Amino acid sequence: MPVVVVESPAKAKTIEKYLGPGYTVLASYGHVRDLPAKDGSVDPDNGFDMKWEIGVDSRKHVKAIADALASDNSLILATDPDREGEAISWHLEEALRKRKAINKDTPVSRVVFNAITKSAVTEAMANPRQVDAPLVEAYLARRALDYLVGFNLSPVLWRKLPGAKSAGRVQSVCLRLIVEREMEIEAFNPREYWTVKALLSTPRGQEFEARLTTLAGKKLDKFDLANATQAEMAVQAVSSRALKVTSVEAKPASRNPSAPFMTSTLQQEASRKFGMGARQTMSAAQRLYEAGRITYMRTDGIDMAPEAVTAARDAIAERYGKEYVPASPRIYKNKAKNAQEAHECIRPTEMGRDAAALKITDRDQARLYDLIWKRTLACQMEGARLERTTVDIGSDDGQVGLRATGQVVLFDGFLRIYEEGRDDVEGDGDDARLPQIAQGDNAAFGKSGLKEQFAKADKSENAIESSDTGMAKHASAILAENAAVLGLQSHTQPPPRYTEATLVKRMEELGIGRPSTYASIVTTIQDREYVHKDGNRLIPDDKGRIVTIFLLNFFKQYVGYEFTANLEEELDHVSAGNADWKDILTRFWRDFSVAIAETSELRIAEVLDVLDAALAPTLYPPREDGGDPRACPLCGEGQLHLKTSKSGGFVGCGRYPECRYTRPIGGDAAEGGDRVLGEDQGDEISLRSGRFGPYVQRGEATEENKKPPRSSLPKGWTTEAMDLEKALTLLSLPREVGPHPDDGEPIEAGIGRYGPFVKHGKLYANLKEVDEVFTIGMNRAVEVLALKLASRGGGRTAAAPLKELGEHPESGGPMNVMDGRYGPYIKWEKVNATLPKGTEPGDVTIAMAVELIAEKAAKSGKGKKAPAKKATAKKKAAPKKAAAKKPAAKKAPAKKADANTPAPET
């Protein structure tokens with residue numbers, strides 16, 4: 001009975017169902033071998049010999065396959081149909097041969113199927129082949145390159161840039177994209193421009209909007225109305241003239257559907273439509289594939305099997321009618337660089353079944369399947385037929401010209417079920433439907449006016465003014481007296497930050513990475529804390545910036561877009577059997593090893609000087625007052641320099657430790673930043689910028705006081721609004737609310753890592769608003785703490801004692817009689833002593849309690865003295881004693897709180 005091996009148990013279960021009882025189907029659970037993370041795993045001096053190791057978790061799976069082969073002397077490798085799948089098959093065969101689980105006469109074959117359906121699996125089993133050597137060699141080359149770059153470059157980063165975590169062949173290039181985009185945004189200078197629109201009306205009273213395109217007989221360019229004065233003149237010119245329709249032009253137009261999904265476009269569309277990350281998308285797609293619902297999800301091909309095209313056309317005709325089926329099938333070919341075209345597109349395995357018919361319960365899988373199903377059917381549907389109308393309006397003297405555009409859908413075609421999302425595209429109003437308009441019609445000004453748009457455009461705090469012409473004005477809009485002509489201020493926008501979708505799209509355009517790696521690369525740079533997400537936008541952290549600038553200055557070739565894409569292309573040649581993988585490695589290592597050796601000799605100070613100079617335009621922009629941009633804004637004497645720490649790069653004063661001024665790389669001291677707020681009790685109170693955000697500090701650090709009091713600004717507090725009074729309020733935290741009415745212990749209010757809180761002993765309770773820290777009274781504090789206590793243990797309140805006995809006469813600590821599941825007991829610290837049968841709780845005396853506690857402690861070793869004796873008597877007990885103390889030691893700091901002590905997570 002042949003042994004069939006696939007990657008996952010889910011896939012194994014589905015295939016076993018199709019193959020029947022004549023096969024043993026087992027899972028390898030992914031890759032079974034990898035290069036150990038130690039020196040020498042790839043040996044460039046010995047023909048790039050690679051030392052593989054079976055993972056700890058994989059050993060049992062390899063053993064299970066080997067055990068099965070002991071009785072079933074035939075192996076069929078049915079892993080995924082890509083490079084990674086081929087590599088897993090190769091690893092499995094190699095590992096099993098080393099274990100001698102495969103004999104010389106054991107037939108070993110490789111089968112591939114693009115979809116886990118009965119027909120696809122049956123056809124694959126009927127057409128076995130051997131493991132594809134060129135594909136395996138391409139994998140080996142990639143793995144060796146990744147190891148050589150990561151294992152040799154990462155230690156250089158660790159030594160030269162404290163806090164840097166790793167570098168990678170593709171990972172670092174991806175990070176560079178994000179960092180350079182952020183630098184573009186920071187260097188961007190917005191340019192003001194104005195547009196003018198008018199609300200016009202047809203002779204039948206139907207209103208429509210038109211935008212000004214001609215002024216003073218000259219066609220307007222984007223920046224011709226550069227300020228409010230010019231805009232006001234334009235508004236006046238339009239509103240003071242009678243207008244007439246000079247031409248109406250209607251043109252037919254069409255829209256064709258997008259190609260079916262490949263890996264990158266699926267990730268992009270899932271991000272646009274559902275906000276799903278690359279990893280989340282691929283996880284859901286993997287489960288759909290393993291369940292036999294879609295074809296293989298790691299592909300850069302967009303062609304579709306002929307039988308699938310036929311099935312899609314039949315499903316379209318049945319659901320929507322024959323008019324939605326084009327005369328001939330649509331054929332799609334890849335345009336992306338380095339497209340392998342080895343696999344089919346991502347499509348449903350059954351075209352006639354939508355998400356509702358499959359009854360998919362998992363939300364991500366249901367949404368993704370619906371997206372794939374709609375996109376696949378849409379790609380084989382008729383195009384949409386539109387009519388685009390352009391209406392030109394002008395004044396009799398030819399001084400003013402306006403244009404209105406709109407469109408109507410004559411036949412929806414593929415738009416009936418699907419329309420592709422768009423990235424960072426602003427609407428231009430062309431989709432609006434225009435009323436019936438004829439050439440020569442008078443275009444009167446609309447009566448409903450544009451007052452609502454005028455009001456919405458006010459982004460300033462300026463009061464609305466009235467000009468000499470009767471116009472209403474504010475900082476960003478001008479409204480004509482007739483309220484039907486509106487001038488709007490705009491500014492050019494910087495390029496948008498990348499989302500995961502747009503980043504993957506850019507990587508694909510450049511030929512960087514492959515479908516199997518997009519998700520892991522984007523995830524890795526976030527896990528390394530080089531990049532973080534704000535909403536769905538990727539923003540580089542200071543650590544990521546420093547790493548990128550370092551690599552651009554010392555390893556520029558290896559983070560070059562073209563170099564990385566060319567290397568990928570060479571590896572594609574290897575997979576096609578047209579290049580030798582070891583030749584590629586030899587050429588790469590020859591130059592790369594020299595660069596590593598040269599950089600290893602540099603001192604950290606030398607590296608920082610180079611990076612400081614490279615980042616100077618960003619770190620030290622010209623000051624408005626013409627002063628030295630490197631002058632320390634706090635002490636005024638020192639020069640600012642780039643520095644590093646475990647948390648990343650930052651800018652600091654060269655007079656450290658006399659001056660401890662710091663700010664983040666992305667920070668700007670000119671914007672309400674570091675300054676002295678005043679004095680209190682002889683101490684200077686200052687506002688500063690640190691690596692973790694702005695904070696206030698009392699005095700300066702000295703040898704005697706290395707950590708002066710400081711407090712971070714709470715969320716919602718701006719540096720611009722900070723003054724001495726607010727700073728002193730923050731520095732006074734934690735604030736004592738008063739003694740708790742139950743035990744007299746103090747209740748404190750403060751701001752910690754997790755926000756505002758009140759604290760009583762070891763119990764912390766979060767407050768909703770920062771302001772409550774300064775205003776909360778005793779009643780409210782007790783109520784909040786009680787609610788927190790009640791919420792523990794699923795909403796149960798702390799049990800009340802049946803009888804309070806008072807403090808333990810010898811060791812201290814309250815003794816109480818409690819009601820337990822197995823009857824009443826005495827509780828003292830961690831000792832619970834059950835009452836003897838027949839003893840009523842009310843009859844328990846202090847002496848009786850002390851005796852019962854002592855007996856219980858002696859039996860269990862929980863008493864304060866008993867464990868010490870036990871530890872000296874028996875050596876084996878000592879580790880238990882130490883283990884018991886560790887949790888208490890960790891909790892000790894919670895007894896203290898200051899302005900920077902975080903409230904623990906609860």
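What you see is a predicted model; the values in this text were computed from it and never measured. (Residues numbered from 1 in each chain as written. Predicted model: local features only at pLDDT ≥ 70, side-chain atom pairs only at ≥ 80, totals over all residues. Heavy atoms only, no water.)

Notes on the sheet that holds strand β30 (residues 746-752)
Read from one edge to the other, the open sheet built from 4 strands follows the order β29-β30-β31-β32, with strand pairing classed as antiparallel. Taken across any chain shown, the strands that pair with only one partner, and hence form the sheet edges, are β29 (735-739) and β32 (763-766). Each neighbouring strand pair of the sheet contributes to a mean axis angle of 25 degrees, computed without reference to strand direction. Across 6 bridges, β30 lies against strand β31 (residues 755-760) in antiparallel orientation. (Pairing = 2+ DSSP bridges. Helix = DSSP H or I, 4+ residues; strand = E, 2+ residues; numbered from the N terminus. Axes fitted to C-alpha atoms, helices over the stretch in contact; angles between N-to-C directions.)

Concerning the nonpolar core
In terms of nonpolar packing, the biggest core is built from 81 residues, with L161, L503, M507, F550, F555, F592 and L611 touching the most fellow members. The element contributing the most residues to this core is helix α5 (residues 133-160), with 13 residues. Once residues within four sequence positions are removed from consideration, F550 is found in contact with V156, L157, K160, L161, F555, T599, V607 and L611. Counting residues in hydrophobic clusters, the runner-up holds 65 residues, among them A78, A308, A355 and I417. (Core = buried A, V, L, I, M, F, W, Y, C linked by side-chain atoms within 4.5 Å. Buried < 20%, exposed > 50% of the residue type's maximum accessible area, 1.4 Å probe, protein only. Contact = heavy atoms within 4.5 Å.)

Focus: the packing of aromatic side chains
Centre distance and the angle of the planes are the two values used to describe a pair of aromatic rings. Evaluated as defined, the whole model comprises 18 aromatic pairs. Judged by centre distance (6.3 Å) and plane angle (75 degrees), the ring pair of W52 and W90 falls under edge-to-face. With W52 in the loop between β5 (49-50) and β6 (53-54) and W90 in helix α3 (residues 83-98), this residue pair connects regions lying 38 residues apart in the sequence. Note on W52: relative accessible area 18%, which makes it buried. According to the relative accessible area criterion, W90 is buried, its value standing at 19%. Three or more aromatic residues joined by ring pairs make a cluster, and in this case those are F550, F554, F555, Y558, F563, F588, W589 and F592. Taking NZ or CZ as reference, R33 lies 5.4 Å from the ring centre of W90, over its face. The cationic tip of R181 hangs over the ring face of Y498; the distance from NZ or CZ to the ring centre is 4.3 Å. (Phe/Tyr/Trp six-rings, centres within 6.5 Å; stacked < 30°, edge-to-face > 60°. Lys NZ or Arg CZ within 6 Å of the ring centre and 35° of its normal.)

Describing the sheet that holds strand β7 (residues 75-77)
The strand order β2-β1-β7-β8 describes an open sheet built from 4 strands, whose pairing is parallel. The sheet is open, and its two edges are formed by β2 (24-27) and β8 (108-110), each paired on a single side. Strand-to-strand, the axes of this sheet are offset by a mean angle of 25 degrees, without reference to chain direction. In the sheet, β7 pairs with β8 via 3 bridges, with the strands oriented parallel.

Remarks on unusual backbone geometry
Looking along the chain, the bond that leaves L733 and enters P734 is cis, with omega of 0 degrees. Checked against the element boundaries, P734 lands in the loop between α20 (724-731) and β29. The backbone of F48 sits at a positive phi, close to 55 degrees, despite the residue not being glycine. Position of F48 relative to the elements: it lies in the loop between β4 (42-43) and β5. Although it is not a glycine, A216 adopts a positive phi angle of roughly 60 degrees. Take A216: it is sitting in the loop between β10 (207-215) and β11 (218-219).

A few points about helix α8 (residues 263-274)
The first and last C-alpha atoms of α8 sit 16 Å apart over 12 residues, in line with the 16 Å expected at 1.5 Å per residue. When you tally the buried positions in α8, you get 9 out of 12 residues, the bulk of the element. When α8 is considered as a whole, its buried residues turn out to be T263, S264, T265, L266, Q267, Q268, E269, A270 and S271. Taken together, the buried residues of α8 touch α9 (278-290), α12 (363-378), α14 (500-510) and α15 (518-527). Just downstream of α8, G275 is the residue with a positive phi angle, here 70 degrees. (Expected span 1.5 Å × (residues − 1).)

A look at α14
Where burial is concerned, most of α14 is hidden: 8 out of the 11 residues are buried. Taken together, the buried positions of α14 are E500, A501, T502, L503, V504, M507, E508 and L510. G511 lies just past α14 and shows a positive phi near 80 degrees.

A short note on the pairing of strand β35 (residues 823-828)
On a regular strand, each side chain points to the face opposite its neighbour's, so the side chains alternate between the two faces of the sheet. Across 6 bridges, strand β34 (residues 814-820) lies against β35 in antiparallel orientation. Its bridge partner lying in β35, V817 is registered against I826. Bridge count for β35 against strand β36 (residues 831-834) is 4 bridges, and the pairing is antiparallel. Pairing of Y825 across the sheet is with T834, part of β36.

Digging into the packing of helix α16 (residues 542-554) against helix α19 (residues 604-619)
Running from amino to carboxyl end, α16 crosses α19 at an angle of 110 degrees, the nearest separation of the two axes being 10 Å. Taken together, the axes of α16 and α19 are roughly perpendicular relative to one another. Between α16 and α19, the contacting residues are R545, I546, I549, F550, N553 and F554 on the first element and V607, V610, L611, A614, L615 and T618 on the second. When its residues are assigned to classes, the contact of α16 with α19 shows 9 nonpolar, 2 polar and 1 charged. (Parallel < 35°, antiparallel > 145°, perpendicular 65-115°, else oblique. Nonpolar A, V, L, I, M, F, W, Y, C, P; charged D, E, K, R; others polar.)

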